[in-house]
Amino acid sequence: MEWMTWLQENPWAAWLAVALVLTAIEAATADFIFLMLAGGAVVGMVVGFLPTTIAIQVVAASAAALLLLVTVRPALKRRMLDSIPDAALGIESYAGRTARVTETVDEHDGRVRFDGEIWSARSEGSGIPLQAGTTVTIVRVEGATLVVAPTETVQDVVPGVDGTPPSGPDGPHH
């Protein structure tokens, strides 16, 4: 129990240990949350050098961590994302990815399977319904609806006027 007495007389050491653990967790997550909490622990450590109670140290550490989370973290995240070309988060990252039609998609309605889930979808104004099984490219997301376009050109999926089948990469199929 000698170490407990030492720790009560040197609370800064506990705050330092907490800051180091939080920094190690941050290294694994890279989301700046644990780094801001570690910053709060450093403030708790500094206050721990002063003749204060643990309660005051906890309040100071908590206030500092909250302040860092609200002010510094958003700026750091923005700066990190700005340094990555074409970084998109959430639904913004869906544009350009492909999905497969599960129920005919037209300009008003339809369903596609994207990333293992069924989504509402509508086509990007081609006027030609996209049949089940067709691979489509996501153009954008509007609410909970994927706006899609055919991955293949219309000439690839619609027979010619003379009734010839669509041509593939090797030319017309006979």
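Just above, that's the structure.
Source: prediction; values computed, not measured. (Residues numbered from 1 in each chain as written. Predicted model: local features only at pLDDT ≥ 70, side-chain atom pairs only at ≥ 80, totals over all residues. Heavy atoms only, no water.)

1. What to know about the pattern of salt bridges
1) Next: According to the stated counting rule, one finds 6 salt bridges in the structure shown.
2) Next: As a salt-bridge pair, Arg-122 and Glu-142 come within 2.8 Å of each other at their nearest N and O atoms. Of this pair, Arg-122 sits in strand β3 (residues 117-123) while Glu-142 sits in strand β4 (residues 135-142), and the two are 20 residues apart along the sequence.
3) Next: Residue Glu-142 is joined to Arg-140 by a salt bridge in which the shortest nitrogen-to-oxygen separation is 2.8 Å.
4) Next: The class for Arg-140 is partly exposed, based on a relative accessible area of 32%.
5) Next: Because the salt bridges share partners, they merge into one network encompassing Arg-122, Glu-124, Arg-140 and Glu-142. (Salt bridge = Lys/Arg side-chain N within 4 Å of Asp/Glu carboxyl O. Helix = DSSP H or I, 4+ residues; strand = E, 2+ residues; numbered from the N terminus. Buried < 20%, exposed > 50% of the residue type's maximum accessible area, 1.4 Å probe, protein only.)

2. Some details on the packing of aromatic side chains
1) Next: Counted under the stated rule, the structure contains 5 aromatic pairs.
2) Next: Taking the centre distance of 6.3 Å and the plane angle of 65 degrees together, the rings of Phe-114 and Trp-119 count as edge-to-face.
3) Next: The buried category is assigned to Phe-114, whose relative accessible area is 3%.
4) Next: Taking the relative accessible area as the measure of exposure, Trp-119 reaches 15% and is therefore buried. (Phe/Tyr/Trp six-rings, centres within 6.5 Å; stacked < 30°, edge-to-face > 60°.)

3. Description of the sheet that holds β4
1) Next: Around the barrel, which closes on itself, the 5 strands sit in the order β1-β2-β3-β5-β4 with mixed pairing between neighbours. For this sheet the average axis-to-axis angle between neighbouring strands, irrespective of direction, equals 55 degrees.
2) Next: The pairing of strand β1 (residues 98-103) with β4 spans 3 bridges and is classified as antiparallel. When the sheet's bridge partners are listed, Ala-99 is paired in β4 with Val-136. (Pairing = 2+ DSSP bridges. Axes fitted to C-alpha atoms, helices over the stretch in contact; angles between N-to-C directions.)

4. Quick look at the pairing of strand β5 (residues 145-150)
Side-chain positions along a regular strand alternate between the two faces of the sheet.
1) Next: Where β3 lies against β5, 4 bridges are found, and the strand directions are parallel. Each residue of the ladder has a partner; that of Arg-122, found in β5, is Val-147.
2) Next: Bridging between β4 and β5 involves 6 bridges; their strand directions are antiparallel. Along β5, the bridge assignment pairs Thr-137 with Ala-149.

5. Here's the deal with helix α2 (residues 11-29)
1) Next: Taking 1.5 Å of rise per residue, 19 residues should cover 27 Å, and α2 covers 27 Å from first to last C-alpha, within 8% of that figure.
2) Next: Downstream of α2 by a residue or two, Ala-30 has a phi angle that is positive, lying close to 50 degrees. (Expected span 1.5 Å × (residues − 1).)

6. A short note on the nonpolar core
A general trend in soluble globular proteins is that nonpolar side chains are found buried together.
1) Next: Among the nonpolar cores identified, the biggest contains 14 residues, and Tyr-94, Val-105, Val-112, Phe-114, Val-136, Leu-146 and Val-148 are the most heavily contacted of them.
2) Next: In terms of residues, this core owes the most to one element, β4, which gives 3 residues.
3) Next: Excluding its chain neighbours within four sequence positions, the residues that come into contact with Val-105 are Gly-110, Arg-111, Val-112, Ala-121, Arg-122, Ser-123, Ile-128, Pro-129, Leu-130 and Val-148. (Core = buried A, V, L, I, M, F, W, Y, C linked by side-chain atoms within 4.5 Å. Contact = heavy atoms within 4.5 Å.)

7. A short note on the environment of Gln-8
1) Next: Secondary-structure assignment places Gln-8 in helix α1 (residues 2-9).
2) Next: As for Gln-8 and Ile-54, which are separated by 46 residues in sequence, their C-alpha atoms are 9.3 Å apart.

8. Here we look at the pairing of strand β2 (residues 111-114)
1) Next: Burial of β2 is one-sided: the residues Val-112 and Phe-114 facing one way are buried, the residues Arg-111 and Arg-113 facing the other way are not.
2) Next: With 3 bridges connecting them, β1 and β2 associate as antiparallel partners. Paired with Glu-103 across the two strands is Arg-111, which belongs to β2.
3) Next: With 4 bridges connecting them, β2 and β3 associate as antiparallel partners. When the bridges of β3 are listed, Arg-111 appears paired with Ser-120.

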